[in-house]
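Chain residues, written in single-letter form:
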Amino acid sequence: MSDVAERVKKIVVEHLGVEESKVTENASFIDDLGADSLDTVELVMAFEEEFQCEIPDDAAEKILTVKDAIDFINEHTK
Amino acid sequence: MFDLTGKTALVTGASGGIGGAIARALHDQGATVALSGTRREALEATAADLGGRAHVVPCDLSDPDAVAGLVEAAEAAAGTGLDILVNNAGLTRDGLAMRMKDADWETVLDVNLTAAFRLSRAALKGMMKRRWGRIISITSIVGVTGNPGQANYAASKAGLIGMSKSLAGEVAPRGITVNCVAPGFITSAMTDALSDDQKSRLLGAIPAGTMGSGADVAAAVVYLASAEAGYVTGQTLHVNGGMAMI
Ligand SMILES: NC(=O)c1ccc[n+]([C@@H]2O[C@H](COP(=O)([O-])OP(=O)(O)OC[C@H]3O[C@@H](n4cnc5c(N)ncnc54)[C@H](OP(=O)(O)O)[C@@H]3O)[C@@H](O)[C@H]2O)c1
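Residues numbered from 1 in each chain as written. Chains lettered and ligands numbered in written order. Predicted model: local features only at pLDDT ≥ 70, side-chain atom pairs only at ≥ 80, totals over all residues. Heavy atoms only, no water.

Q: Help me understand the interface of chain A and chain B in this model?
A: When the parts of a complex come together, some accessible area is lost, and that lost area is often used as the size of the interface. Taken residue by residue, the interface counts 7 residues in chain A and 8 residues in chain B. Ranking the residues of chain A by area buried against chain B places A:Leu38, A:Glu42 and A:Met45 at the top, with a combined share of 67%. The tally of links from chain A across to chain B stands at 5 salt bridges. Put simply, B:Arg174 and A:Asp36 hold a salt bridge, and the shortest N to O gap is 3.5 Å. Counting across the chain A and chain B interface gives 3 residue pairs in polar contact (both at pLDDT 80 or more). Per element, the largest residue contribution to the side of chain A that touches chain B is 5 residues, and it comes from helix α2 (residues 37-51) of chain A. Split into classes, the residues belonging to the side of chain A that touches chain B amount to 2 nonpolar, 1 polar and 4 charged. (Contact = heavy atoms within 4.5 Å. Buried area = accessible area lost by both parts, 1.4 Å probe. Salt bridge = Lys/Arg side-chain N within 4 Å of Asp/Glu carboxyl O. Polar contact = N/O pair within 3.5 Å; in protein donor to acceptor, adjacent residues only side chain to side chain. Helix = DSSP H or I, 4+ residues; strand = E, 2+ residues; numbered from the N terminus. Nonpolar A, V, L, I, M, F, W, Y, C, P; charged D, E, K, R; others polar.)

Q: Looking at this structure, how should I read the site of the ligand?
A: Residues and elements named next belong to chain B. Around the ligand, 28 residues are found, and the nearest of them are Ser 15, Thr 38, Leu 61, Asn 88 and Tyr 153. Between the ligand and Gly 13, the relevant distance is 3.0 Å, taken from an oxygen atom to a main-chain nitrogen or oxygen of the residue. Leu 61 is positioned such that a nitrogen or oxygen atom in its backbone is 2.8 Å from a nitrogen atom of the ligand. For the ligand, the protein covers 87% of the area, taking 880 Å² as the surface of the free molecule. When residues of the shell around the ligand are traced back to their parent elements, those giving at least two are α1 (17-28) and α6 (151-171). Of the residues that constitute the shell around the ligand, the class distribution is 12 nonpolar, 13 polar and 3 charged. (Near = heavy atom within 4 Å. Areas by Shrake-Rupley, 256 points an atom, 1.4 Å probe, with all protein chains shown as cover.)

Q: Whenever I open this one, the pattern of salt bridges confuses me. Can you help?
A: Any two side chains of opposite charge can pair, so long as their charged atoms come close to each other. All names here are of chain A. In total, this model carries 12 salt bridges over all chains according to the counting rule given. With its nearest N and O atoms 3.1 Å apart, the salt bridge here joins Arg 7 to Asp 3. Here the residue Arg 7 and the residue Asp 3 both occupy positions in helix α1 (residues 3-16), the gap between them amounting to 4 residues, near one helical turn. Its relative accessible area of 27% is what places Arg 7 among the partly exposed residues. (Buried < 20%, exposed > 50% of the residue type's maximum accessible area, 1.4 Å probe, protein only.)

Q: When you look at the packing of aromatic side chains in this model, what are you seeing that I'm missing?
A: By convention here, two paired aromatic rings are described through the distance between centres and the angle between planes. All names here are of chain B. A complete count under the given rule lists 1 aromatic pair over all chains for this structure. On the basis of an interplanar angle of 80° and a centroid distance of 5.8 Å, the ring pair of Phe 2 and Tyr 223 is categorised as edge-to-face. Residue Phe 2 is found in the segment before β1 (8-11), and its partner Tyr 223 is found in helix α9 (residues 214-225); the two are separated by 221 residues along the sequence. Residue class for Phe 2 comes out partly exposed when judged on its relative accessible area of 24%. Seen from the ring of Trp 132, Arg 134 lies directly overhead, with NZ or CZ sitting 4.2 Å from the centre. (Phe/Tyr/Trp six-rings, centres within 6.5 Å; stacked < 30°, edge-to-face > 60°. Lys NZ or Arg CZ within 6 Å of the ring centre and 35° of its normal.)

Q: Hey, could you run me through unusual backbone geometry in this one?
A: Most of the time, phi is negative for any residue but glycine, and the peptide bond is trans. Residue and element names in this part refer to chain B. Positive phi outside glycine occurs at Phe 2, with the angle close to 60°. Even without being glycine, Arg 53 reaches a positive phi, approximately 60°. Looking at where Arg 53 falls in the secondary structure, it is placed in the loop between α2 (40-50) and β3 (54-56). Its relative accessible area of 38% is what places Arg 53 among the partly exposed residues.

Q: I would appreciate a short explanation of the UniProt feature "modified residue: O-(pantetheine 4'-phosphoryl)serine" (unreviewed entry) in chain A in the present structure.
A: All names here are of chain A. Residues annotated by UniProt as "modified residue: O-(pantetheine 4'-phosphoryl)serine" (unreviewed entry) correspond here to Ser 37. As for its placement among the helices and strands, Ser 37 is situated in helix α2. Judged by its relative accessible area of 55%, Ser 37 is exposed. (UniProt positions renumbered as here; feature names shortened; annotations may be inferred.)

Q: Sorry, what's going on with the UniProt feature "active site" (unreviewed entry) in chain B here?
A: Residues and elements named next belong to chain B. Per the UniProt record, "active site" (unreviewed entry) is found at Tyr 153. The class for Tyr 153 is buried, based on a relative accessible area of 13%. Beyond its immediate stretch of four places on either side in the chain, Tyr 153 contacts Leu 91, Thr 92, Val 108, Asn 112, Ser 140 and Val 142.

Put into structure tokens, the structure is as follows:
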């Protein structure tokens, strides 16, 4: 597992207080991990902080699953 | 009741009459306070007077870059996250609307409303993480009633009320409350400048028969900042001796 994926999963586990085993790449934040709309905003802000990148609103709207987040960060950071 | 031990508060306009009273009251309840304003000396005098748990973080709220760094500066000075934000700084540039300059409109909106929004946004970041926070903005009776000669000021104060209600709805699930306190006529440098004739006319409109004090406003802020007021959000608490019952 790549470093980015591990760090993303760690943030999700910490923020949503869910079990690590549930945080699979295809898990949806809202449908599978119980996030509400505030949680998704907080997650995006936590990703921005951890990876020192900016996630614009239109991109953030498309980050629905753990994999979406990992892909966005891989594409937008070195 | 209303114990604030272990909490950190940032008070803007702490160099002024009401802000100084608010800082003192929060400090009396045990909070650590960060005092902001443009006049460093006045802030330092208040901090020295309070003794420990008081920090000075000067900031010109009409300067967006300075506003952007204020919450961080307060947290650094206090050495903890910010639990309580009191948006108290405010200014007036009165004049009849037909003669009001754009600059007078803009300055009042920038300092009274836009800076309060930016500070609230910055403060919310840490409050969301810590699942606790209080944002209290000092609005005014005229934000609800309007006042000829104060279109800019009344708009900024009404804006604070609308902003607070909206923020309150957004962050309520995180243990954060957002409220306003709306003073009526409070003795201050501003009201000291009124003539005796003006004063007696004003007092005639106040059922309580006296002007309020900074301490009256501060007590309302202490209540809203407390754990006990955790179920009160999106509200405006009027402190006006019955001048307007709204
Ligand atoms: N007094 C009343 O009857 C009354 C009634 C209703 C509402 N209010 C509201 O209560 C609040 C406090 O008023 P007050 O009576 O205590 O007035 P004040 O004594 O004139 O205090 C105003 C405070 O705002 C600060 N301030 C003004 N412009 C600023 C800027 N550009 N950057 C940073 N700080 C700035 C001042 O700081 P510096 O002096 O250090 O620049 C001062 O500490 C205001 O929001 C006012 O609208 C007052």
